[in-house]
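A look at the structure
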Amino acid sequence: MKKTFDQLLLTTSLFCLVLTSFLVLPSLAAAQAAPVPNAQLAAKDLNARVEALLKKMTLEEKIGQTVQYSAGFATGPSGSKLSYEDLTQRGAIGSLLNVQGAEQTNRFQHIAMDKSRLHIPLIFGMDVIHGQHTIFPVPLGLAASWDPKLIAGVAHTSAIEARADGLSWVFSPMVDISRDARWGRMVESAGEDPYLGSAIARGWVLGYQQNDLTKPDSVAVSVKHFAAYGAAIAGRDYNAVDMSDITLRQVYLPPYHAAVDAGAATVMSSFNSINGVPATANPYTLTQILRKEWGFDGFVVSDWGAVSELLNHAIGPDGATVARKALEAGVDMDMEGNLYGTTLAAQVRSGQIPESVVDEAVRRILRVKFALGLFEHPYTPVTPPYAPTAENRAQARAVAAETIVLLKNDPVEGAGALLPLSKSAKTVALIGPLADSAKEMLGSWGALGDPKFAISLRQALQERLGDHLLYAKGCEILSGNDANVLRHVSFIDQANPPSSEVTEAVPDDAKTIAEAVETAKKADVAILALGESADWMTGEASSRAHLDLPGHQEQLLEAVAATGKPVILVMFTGRPNAIKWAGAHIPAIVEAWYPGMEGGHAVADVLFGDVNPSAKTPVSFPRATGQEPLYYAQMPTGRPAHGDLSHLPTNAQEKFMSRYLDEDNSALFPFGWGLSYTRFSYSQPAVSKAQVSRQDVAEGHAPGLTVSVDVRNSGSVAGTEVVQLYVRNTSASVEQPLRELKGFARVTLAPGETKHVEFPLGFDELSFYNVESKRVVEPTTYKVFVGGSSLASEETSFQVN
Ligand code: BGC
């Protein structure tokens with residue numbers, strides 16, 4: 001398996017190299033030509049097939065290709081007497097989502113292939129987000145691995161399982177930069193940083209598509225949610241986004257661009273507006289940037305109902321108008337919106353929409369269907385129901401172990417660090433509402449993951465410790481006193497329809513907390529498994545205004561810690577929670593995110609030292625909710641909290657600076673942070689040239705210099721360090737962040753071993769957007785920091801002349 005992915009990565013590099021030499025080298029004028037990110041979609045013979053088919057299609061059949069419905073929960077579109085089967089037979093549907101399993105997809109496909117006039121196959125899509133049946137850690141956890149190759153492996157396994165279920169299209173990866181932990185969808189993202197996010201986006205696309213959509217184990221991706229969905233004002237899901245063009249291009253767009261460059265076949269438009277223009281009717285992002293600047297040749301699908309929601313955005317008086325605006329802006333397929341199917345034909349006939357606009361959308365959709373080989377292989381062999389194999393489990397466990405972040409591991413009185421736990425029998429008290437839930441391990445968007453195959457932490461510890469494991473739940477995830485959240489919970493739970501009255505009984509947490517304290521007293525060490533509910537506190541529509549541990553969990557933690565027993569806190573969350581008290585008082589803290597099907601085993605592997613943790617957090621942990629949005633790449637200010645304020649009167653120096661009166665500015669655990677059971681030491685970084693010319697770091701030029709560093713494992717066990725390189729541009733026409741990640745490498749070292757690591761720096765790393773939205777490198781001095789987190793202190797510098 002490993003070899004296959006090494007080969008894949010090599011193929012991609014060669015592919016890019018060939019493509020680059022084609023596009024860039026022959027003449028620099030050719031650099032002006034639109035890039036061709038996916039050669040299969042641009043191929044002449046494929047496009048000839050598209051044109052030939054397009055010529056045969058009626059207007060209705062063309063529009064049919066732009067219509068997508070979810071056949072998962074209903075028998076036909078709301079307000080229509082026709083079923084999805086009827087519509088498929090009429091050629092009025094191009095795609096279905098949420099149809100589960102090969103039998104069902106084949107059934108619909110037979111209608112399309114045998115009974116519709118032109119026999120155009122449907123394309124079946126689904127939210128395969130971190131696995132289809134074999135469920136891996138949530139994407140935020142996967143990002144904590146800083147390992148795009150590992151993620152490509154996850155995507156490939158997911159593609160195999162999705163294909164077996166008749167799906168050839170996944171609504172993944174989500175590459176929205178998320179810097180605000182209040183936003184529940186942070187769990188689906190790769191976190192706060194555009195450089196890391198771009199590397200991870202490439203890993204996903206490569207693993208799913210393998211640079212070849214025709215392969216029977218490749219699926220088309222849908223890069224989402226285009227664009228800037230993660231920057232919702234106040235962290236409230238679906239809310240408006242407002243930002244400068246520079247921030248859009250420099251921070252939010254790079255991961256989408258990286259995914260498109262890696263050949264992404266489709267893109268999903270987002271729910272939010274950007275600077276007043278809804279993303280689903282936004283010609284600037286969908287046509288100017290995506291198509292003209294990036295050369296995207298695939299198709300754009302709207303997010304669920306996002307075309308109809310343009311009515312709520314109030315950019316048109318009726319459905320017909322907003323559908324026209326979405327289509328003309330560049331949305332080719334209407335997901336579960338019902339507006340393309342019902343309003344476009346009349347508008348073409350009346351001349352309001354040129355038929356060529358519809359034709360173009362259809363071309364883009366057919367291109368992907370042809371490239372996937374759906375016309376030749378429309379059906380899926382029916383195979384026995386999924387049961388995890390030893391190989392699936394081994395992959396899920398190894399992947400999960402790479403995603404678990406050791407946030408803190410302080411020595412406890414009279415002993416060394418609490419972790420790893422000694423394997424000689426000790427009595428362990430496992431406490432907390434997340435300790436015994438296999439289902440929660442799967443995280444949000446668990447696709448077809450079945451909790452019966454998932455391993456809870458309790459089960460995993462039981463296997464290791466037998467009678468030496470004690471257990472107490474301690475409290476519920478959320479207790480009944482938070483009325484708003486409870487209302488939300490009852491809405492999600494279909495059996496309990498929403499009510500304005502909160503009637504749920506308040507669980508008696510005081511009693512169960514007291515029981516947990518007694519359990520802890522009987523043990524040598526307590527492990528507290530705390531966090532959020534994956535289902536209803538993280539993911540879509542799950543923004544939180546209070547990021548503290550939910551319910552009575554903090555009280556539980558404090559009560560157990562008060563026994564004096566050493567406490568290890570294991571967090572299962574979809575975002576960093578504000579755990580300031582724990583940060584100050586609990587000696588060992590582990591962030592496990594939602595670690596997937598083998599989650600319990602993987603956490604136990606880390607706790608007992610069978611795996612030496614190597615993950616680094618891809619998001620900053622706040623001390624308090626009020627710090628959000630919190631991210632390391634802060635812009636400078638004239639009044640920095642720790643800067644030189646000597647120009648101010650002495651009595652003003654304390655007060656008039658950029659800081660909170662009641663909280664520190666810094667993160668509790670910063671971006672890139674994560675400990676190991678060994679120690680790593682760094683040499684001072686060295687630059688290959690102290691000065692480079694702008695030509696040496698111009699676009700299309702090989703990187704003009706390298707930064708190198710020696711990293712040594714100075715501890716006594718083998719370990720893997722994620723070596724991180726940050727730069728600061730000290731003088732630019734547009735102010736630049738105080739630090740920006742521009743390189744990273746995972747380095748595995750035996751005790752005492754030293755490795756030399758090199759980071760190339762060129763246009764991609766050093767350029768930024770100026771006030772004209774042009775990517776430039778200007779004469780300046782760059783500071784460079786290398787180390788094991790965004791606090792990296794080893795420093796060097798170089799000049800660009
Ligand atoms: C989500 C998308 C998802 C789509 C289809 C929407 O509500 O925002 O991420 O792909 O539904 O299920």
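Thresholds applied
Residues numbered from 1 in each chain as written. Predicted model: local features only at pLDDT ≥ 70, side-chain atom pairs only at ≥ 80, totals over all residues. Heavy atoms only, no water. Helix = DSSP H or I, 4+ residues; strand = E, 2+ residues; numbered from the N terminus. Rg over C-alpha atoms; globule rule 2.2 N^0.38 Å. Buried < 20%, exposed > 50% of the residue type's maximum accessible area, 1.4 Å probe, protein only. Contact = heavy atoms within 4.5 Å. Areas by Shrake-Rupley, 256 points an atom, 1.4 Å probe, with all protein chains shown as cover. Lys, Arg positive; Asp, Glu negative; His and termini not counted. Charge placed at Lys NZ, Arg CZ, Asp CG, Glu CD. Phe/Tyr/Trp six-rings, centres within 6.5 Å; stacked < 30°, edge-to-face > 60°. Lys NZ or Arg CZ within 6 Å of the ring centre and 35° of its normal. Expected span 1.5 Å × (residues − 1). Arc of directions from axis to C-beta. Salt bridge = Lys/Arg side-chain N within 4 Å of Asp/Glu carboxyl O. Domains from an automatic or database assignment. Near = heavy atom within 4 Å. Polar contact = N/O pair within 3.5 Å; in protein donor to acceptor, adjacent residues only side chain to side chain. Nonpolar A, V, L, I, M, F, W, Y, C, P; charged D, E, K, R; others polar. Axes fitted to C-alpha atoms, helices over the stretch in contact; angles between N-to-C directions. Parallel < 35°, antiparallel > 145°, perpendicular 65-115°, else oblique. Left-handed = near helix turned anticlockwise from the far one by under 90°. Pairing = 2+ DSSP bridges. Core = buried A, V, L, I, M, F, W, Y, C linked by side-chain atoms within 4.5 Å.

**Section: the overall build of the protein chain**
For the protein chain, the helix and strand inventory stands at 27 helices and 27 strands. Taken over the C-alpha trace, the protein chain has a radius of gyration of 27 Å; the compact-globule value for 801 residues is 28 Å, and the two agree within 12%. Each principal axis of the C-alpha distribution contributes one length, and for the protein chain these read about 80 × 65 × 55 Å. Within the protein chain, the fraction of its 801 residues that count as buried is 58%. Long-range pairs, those at least 24 residues apart, make up 77% of the contacts in the protein chain between residues at least 6 apart in sequence. If you sum the accessible surface of the protein chain, you get close to 30,900 Å²; carbon and sulfur atoms cover 54% of it. Side-chain charges of the protein chain comprise 66 positive and 86 negative groups, with the mean position of each set lying 3 Å from the other.

**Side note on the packing of aromatic side chains**
All told, the structure shown has 19 aromatic pairs when counted by the stated rule. Here the aromatic rings of W204 and Y208 are separated by 5.7 Å at their centres, their planes lie at 15 degrees, and the arrangement is stacked. With a gap of 4 residues between them, W204 and Y208 both fall in helix 9 (residues 194–209), about one helical turn apart. This pair shows no difference in class: W204 is buried, exactly as Y208 is. For the ring pair F226 and Y256, a centre distance of 5.2 Å and an interplane angle of 85 degrees mean the geometry is edge-to-face. Of this pair, F226 sits in strand 5 (residues 220–226) while Y256 sits in helix 11 (residues 254–261), and the two are 30 residues apart along the sequence. Comparing F226 with Y256, the two get one shared label, buried. Clustering of aromatic rings is evident, with ring pairs tying together W146, Y195, Y632, F671, Y726 and F744. One cation-aromatic arrangement involves R179 over Y631; the distance from NZ or CZ to the ring centre is 4.1 Å. When the ring centre of W445 is taken as reference, the NZ or CZ atom of K224 above it lies at 5.6 Å.

**Comments concerning helix 3 (residues 44–56)**
Its 13 residues place the ends of helix 3 19 Å apart at the C-alpha level, agreeing with the 18 Å of an ideal helix rising 1.5 Å per residue. The complete set of buried residues in helix 3 reads L46, N47, V50, L53 and L54. Viewed end-on, helix 3 has its buried residues packed into an arc of 125 degrees, placing them on one side of the element. More than 90 degrees from the buried face of helix 3, the exposed residues found are K44, D45, K55 and K56.

**Structural notes on the side chain of D303**
Position of D303 among the secondary structure elements: in the loop between strand 9 (299–302) and helix 13 (310–313). Lacking a salt bridge, the buried D303 has R185 as its closest oppositely charged neighbour, with an N-O distance of 4.5 Å. Those residues within four positions of D303 in sequence are excluded, and the remaining contacts are H225, M268, S269, F271 and M335.

**Topic: the domain arrangement of the protein chain**
The assigned domain composition of the protein chain is domain 1 (37–371), domain 2 (395–607) and domain 3 (678–801). A C-alpha centroid distance of 37 Å is found between domain 2 and domain 3.

**Comments concerning helix 10 (residues 245–252)**
If you check which residues of helix 10 are buried, you get L248, R249, Q250, V251 and Y252. On its buried face, helix 10 is in contact with helix 9, helix 11, helix 12 (283–293), strand 22 (740–749) and strand 24 (768–769).

**Some remarks on the site of the ligand**
Near the ligand you find L97, D127, F171, R185, K224, H225, M268, F271, D303, W304, M335 and E540, and these make up its full shell. Between an oxygen atom of the ligand and a side-chain N or O atom of D127, the distance comes to 2.4 Å. The protein chains hide 93% of the 310 Å² of surface that the ligand would expose on its own. Each residue belonging to the shell around the ligand can be placed in one class, and the counts come to 6 nonpolar, 1 polar and 5 charged.

**Focus: the packing of helix 17 (residues 390–401) against helix 25 (residues 599–607)**
Relative orientation of the contacting elements helix 17 and helix 25 amounts to 50 degrees, with a least axis distance of 8 Å. In terms of orientation, helix 17 lies oblique with respect to helix 25. For the element pair helix 17 and helix 25, the recorded crossing hand is right-handed. Seen from helix 17, the contacting residues are R397, A400 and A401; seen from helix 25, they are H601, A602, D605 and V606. Class assignment for the residues of the contact of helix 17 with helix 25 results in 4 nonpolar, 1 polar and 2 charged.

**Points about the sheet that holds strand 22**
Taking strand neighbours across the sheet as the criterion, the 5 strands line up as 19-27-26-21-22 in an open arrangement whose pairing is mixed. Each having just a single partner strand, strand 19 (691–692) and strand 22 make up the two edges of the open sheet. Where strand 21 (residues 719–729) lies against strand 26 (residues 780–787), 6 bridges are found, and the strand directions are antiparallel. In the sheet register, R728 faces strand 26, and the bridge partner there is K783.

**Quick look at the pattern of salt bridges**
Evaluated as defined, the whole model comprises 38 salt bridges. The residue K62 makes a salt bridge to D359 at a minimum N-O spacing of 2.9 Å. Here K62 is found in helix 4 (residues 59–65), whereas its partner D359 is found in helix 16 (residues 355–371), with 297 residues between them in sequence. Classification of D359 as buried rests on a relative accessible area of 14%. Linked by salt bridges that have partners in common, E51, R291, D332, E360, R363 and R364 make up one network.

**Here we look at the sheet that holds strand 4 (residues 169–170)**
Spatial ordering of the open sheet is given by 9-6-5-4-3-2-1-10, a layout of 8 strands whose pairing is parallel. Each edge of the sheet is formed by a strand with only one pairing partner; in this case those strands are strand 9 and strand 10 (334–335). With respect to the sheet, helix 11 is in contact with strand 5 and strand 6 (266–269), its orientation differing from that of strand 5 by roughly 160 degrees. Against the sheet, helix 16 engages strand 3 (123–126), strand 5, strand 6 and strand 9, with an angle of about 105 degrees to strand 9.

**So, the packing of helix 8 (residues 148–164) against helix 9**
Where helix 8 meets helix 9, the closest approach of the two axes is 7 Å, and the angle between their N-to-C directions is 35 degrees. For the crossing formed where helix 8 meets helix 9, the hand is right-handed. Here helix 8 contributes P148, I151, A152, V154, A155, H156, S158 and A159 to the contact with helix 9, which in turn contributes A199, I200, G203, W204, G207 and Y208. Its residues assigned to classes, the contact of helix 8 with helix 9 shows 10 nonpolar, 4 polar and no charged.

**Describing the nonpolar core**
The biggest cluster of nonpolar side chains holds 128 residues, and the ones touching the most others in it are L96, F226, Y340 and L366. L528, A602, A615 and V619 belong to the second largest nonpolar core, which has 76 residues in total.

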